[in-house]
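# Summary of structural features
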Amino acid sequence: MKKIGVLVSGGGTNLQAILRAIDYGIIKKGIIITVVSNRESVYALEIAKQNNISSSVILKKDYSNVADYNNAILNHMKKNNIDLIVMAGFLSIVGDPLVKEYKNKIINIHPSLIPSFCGEGYYGLKVHQEVIKRGVKITGATVHFVDNIVDGGPIIMQKAVKVKQNDTPGTLQKRVMKEAEWIILPKAISLFCEGKLKVINNKVIIEEI
Ligand code: GRF
């Protein structure tokens, strides 16, 4: 059974999707041990409490630099013997020593089809505002391993979502979450926990049965 640590910053809908997938047996070999938020009193912490999952708040302002902040998260995950870290709506930058120690063991969900609309400054609603501004017809979500380049790690899974003529950034964000994020994030976690994800030459190979 793989031990999962989930990093959150907000509403926790992706955390909820992971918990649902565990309940429904989509994720069979993974269990959430800890939820860590970079912000206090966000609803994701309430979701953890409702599911009897221990949670912690690790605030960046309590550390003098990004490396010390990442070290605090790293120590928390190692103390809990975490095998997989999942960034579920997490809005802080992660880097060394966390990324080094958990190479190809940190998964992030990004609300676009990487390499479009990603990188510095592209997160949450902003992504969908830019998608609509550019007038693209297809968007979606991407699950990828995390490395030191923002949204730059090896891509695990993607799912496309049509952009509707009358979409606002809000309606598009909700549909991308519902039709893509909440589906591919649990699937990618399940594949990781079953040992079916291999990274060769910085590309993810999914080992079928
Ligand atoms: C979502 O848009 C997700 O793609 C992004 O953060 C937003 C909120 O996620 N990573 P959640 O509801 O807190 O899981």
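Let me sum up the structure you'll find in this document. (Residues numbered from 1 in each chain as written. Predicted model: local features only at pLDDT ≥ 70, side-chain atom pairs only at ≥ 80, totals over all residues. Heavy atoms only, no water.)

## Some remarks on the site of the ligand
This is how the line gets drawn: What makes a residue near a molecule or strand is one non-hydrogen atom of that residue sitting within 4 Å of it. Polar contact is defined as a pair of N or O atoms within 3.5 Å, subject to the rule that within protein one atom must be able to donate a hydrogen and the other to accept it, and that residues adjacent in sequence are counted only when both atoms are side-chain atoms. For helices the rule is a DSSP run of H or I covering at least 4 residues; for strands it is a run of E covering at least 2, with both sets numbered from the N terminus onward. Think of it as three bins: nonpolar holds Ala, Val, Leu, Ile, Met, Phe, Trp, Tyr, Cys and Pro, charged holds Asp, Glu, Lys and Arg, and polar takes everything else, Gly as well.
Near the ligand you find Gly10, Gly11, Gly12, Thr13, Asn14, Ala88, Gly89, Ile109, Pro111, Gln173, Met177 and Glu181, and these make up its full shell. In this structure, threonine 13 approaches the ligand through a side-chain N or O atom, which is 2.6 Å from an oxygen atom. The contact in question runs from an oxygen atom of the ligand to an N or O atom on the backbone of asparagine 14, over 2.8 Å. Broken down by secondary-structure element, the contributors of at least two residues to the shell around the ligand are α1 (13-23) and α6 (169-193). Here the shell around the ligand takes 3 residues from α6, the largest share from any one element. Grouping the amino acids of the shell around the ligand by side-chain chemistry returns 4 nonpolar, 7 polar and 1 charged.

## As for the environment of lysine 28
Rules: Relative accessible area decides the class of each residue, using a 1.4 Å probe on protein chains only: under 20% of the type maximum gives buried, over 50% gives exposed, and in between gives partly exposed. Any two residues whose heavy atoms approach within 4.5 Å at even a single point are treated as in contact.
The residue lysine 28 is located in the loop between α1 and β2 (30-37) in this model. Taking relative accessible area as the criterion, lysine 28 reaches 57% and is therefore assigned exposed. Sequence separation of lysine 28 and lysine 174 is 146 residues, and the distance between their C-alpha atoms is 27 Å. Here lysine 28 is in contact with Met1 and Glu194, once residues within four sequence places are set aside. Here glycine 25 takes part through its backbone oxygen, which lies 3.0 Å from a polar atom of the side chain of lysine 28.

## A look at the packing of aromatic side chains
The following threshold applies: Centres within 6.5 Å are what make two rings of Phe, Tyr or Trp a pair, Trp counting through its six-membered ring; a difference in plane orientation under 30 degrees is then read as stacked, over 60 as edge-to-face, and the rest as tilted. Definition used: whenever NZ (Lys) or CZ (Arg) falls within 6 Å of the ring centre and also within 35 degrees of the ring normal, the charge is taken to sit over that ring.
With the rule as written, the count across this model stands at 3 aromatic pairs. Between phenylalanine 117 and tyrosine 122, the aromatic rings sit 6.5 Å apart at their centres with planes inclined by 70°, giving edge-to-face as the arrangement. Overall, the relative accessible area of 18% leaves phenylalanine 117 in the buried class. Judged by relative accessible area, tyrosine 122 falls into the partly exposed class, the value being 25%. The residue whose ring lies beneath lysine 126 is tyrosine 122, and the NZ or CZ to ring-centre distance is 5.9 Å.

## Some points on the packing of helix α5 (residues 125-134) against α6
The condition is simple: The angle between two axes is taken between their N-to-C directions and runs from 0 to 180 degrees, where each axis is a line fitted to C-alpha atoms and a helix contributes only its stretch in contact. Any angle that falls under 35 degrees is termed roughly parallel, while one over 145 is termed roughly antiparallel, one within 65 to 115 roughly perpendicular, and all others oblique. Left-handed is the label given to a crossing in which the near helix is rotated counterclockwise from the far helix by less than a right angle, and right-handed is the label when the rotation is clockwise.
Where α5 contacts α6, the axes come no closer than 9 Å and their chain directions differ by 115°. The angle between α5 and α6 places the two elements in the roughly perpendicular class. Between α5 and α6 lies a crossing whose hand is right-handed. Only Pro169, Gly170, Leu172, Gln173 and Val176 of α6 make contact with α5, whose side of the interface consists of Leu125, His128, Gln129, Val131 and Ile132.

## Structural notes on the sheet that holds strand β3 (residues 54-57)
Which entries qualify depends on this criterion: Two strands are said to pair when DSSP picks up at least two bridges between them.
Pairing within the open sheet is mixed, and its 7 strands lie in the order β3-β2-β1-β4-β5-β6-β7. Two strands bound the open sheet, and with one partner strand each, they are β3 and β7 (155-162). The average undirected angle you get between the axes of adjacent strands in this sheet is 20°. With 4 bridges joining them, β2 and β3 adopt parallel strand pairing. Each bridged residue has a counterpart across the sheet, and for serine 37 the counterpart in β3 is valine 57.

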